[in-house]
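Fold and geometry: a report
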Amino acid sequence: QVQLVESGGGLVQAGDSLRLSCAASGSIFSRNAMGWYRQAPGKQRELVAAITSSGSTDYADSVKGRFTISRDNAKNTVYLQMNSLKPEDTAVYYCKARTYRNWDYWGQGTQVTVSS
């Protein structure tokens, strides 16, 4: 069982930055692939960024060059640095862990609202 707790969301203006954190417990964190997803009202949940256990990263085209995913295995935490935020980035952001057994676990989500 993996527990994930997101933090760092909030209300910001367009052009501002936020850093989301996701603290994990209950598994060997360094072996997990981690990802950030988001879901806006009326839309499907979509992948924003992912990072493998070895540190390889992948991003949605809409956030490339603005968002950076990183992980600190010593702190069992994954981060999402979001710069140059846009109103269309408004969504609930979720952290997901995929264990080495390919079991997925989700956090409860954190709201990010970007005003124009």
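Residues numbered from 1 in each chain as written. Predicted model: local features only at pLDDT ≥ 70, side-chain atom pairs only at ≥ 80, totals over all residues. Heavy atoms only, no water.

So, on to the sheet that holds strand S3 (residues 18-25). In spatial order, the strands read S1-S3-S8-S7; together these four strands make up an open sheet with antiparallel pairing. Looking along the sheet, the strands with just one partner apiece sit at the ends: strand S1 (3-7) and strand S7 (67-72). The mean inter-strand angle of the sheet, taken between neighbouring strand axes irrespective of direction, is 15°. (Pairing = 2+ DSSP bridges. Helix = DSSP H or I, 4+ residues; strand = E, 2+ residues; numbered from the N terminus. Axes fitted to C-alpha atoms, helices over the stretch in contact; angles between N-to-C directions.)

Tracing the sequence through the fold places asparagine 32 in the loop between S3 and strand S4 (33-39). If we ignore the near neighbours within four places in the chain, the residues touching asparagine 32 are Ser27, Thr52, Ser53, Arg71, Ala97, Arg98, Thr99 and Tyr100. (Contact = heavy atoms within 4.5 Å.)

The biggest cluster of nonpolar side chains holds 29 residues, and the ones touching the most others in it are Leu4, Met34, Trp36, Val78, Leu80, Met82 and Tyr93. In this structure, leucine 4 is in contact with Cys22, Ala23, Ala24, Met34, Cys95, Lys96, Ala97, Tyr105, Trp106, Gly107 and Gln108, ignoring residues within four places of it in sequence. (Core = buried A, V, L, I, M, F, W, Y, C linked by side-chain atoms within 4.5 Å. Buried < 20%, exposed > 50% of the residue type's maximum accessible area, 1.4 Å probe, protein only.)

All right, on to unusual backbone geometry then. Phi at serine 84 takes a positive value of approximately 50°, unusual for a residue other than glycine. The residue serine 84 is located in the loop between strand S8 (77-82) and strand S9 (91-98) in this model. With relative accessibility at 41%, the residue serine 84 sits in the partly exposed group. In this model, asparagine 102 sits at a positive phi of 65°, which is unusual for a non-glycine residue. Looking at the element boundaries, asparagine 102 is found in the loop between S9 and strand S10 (104-106).

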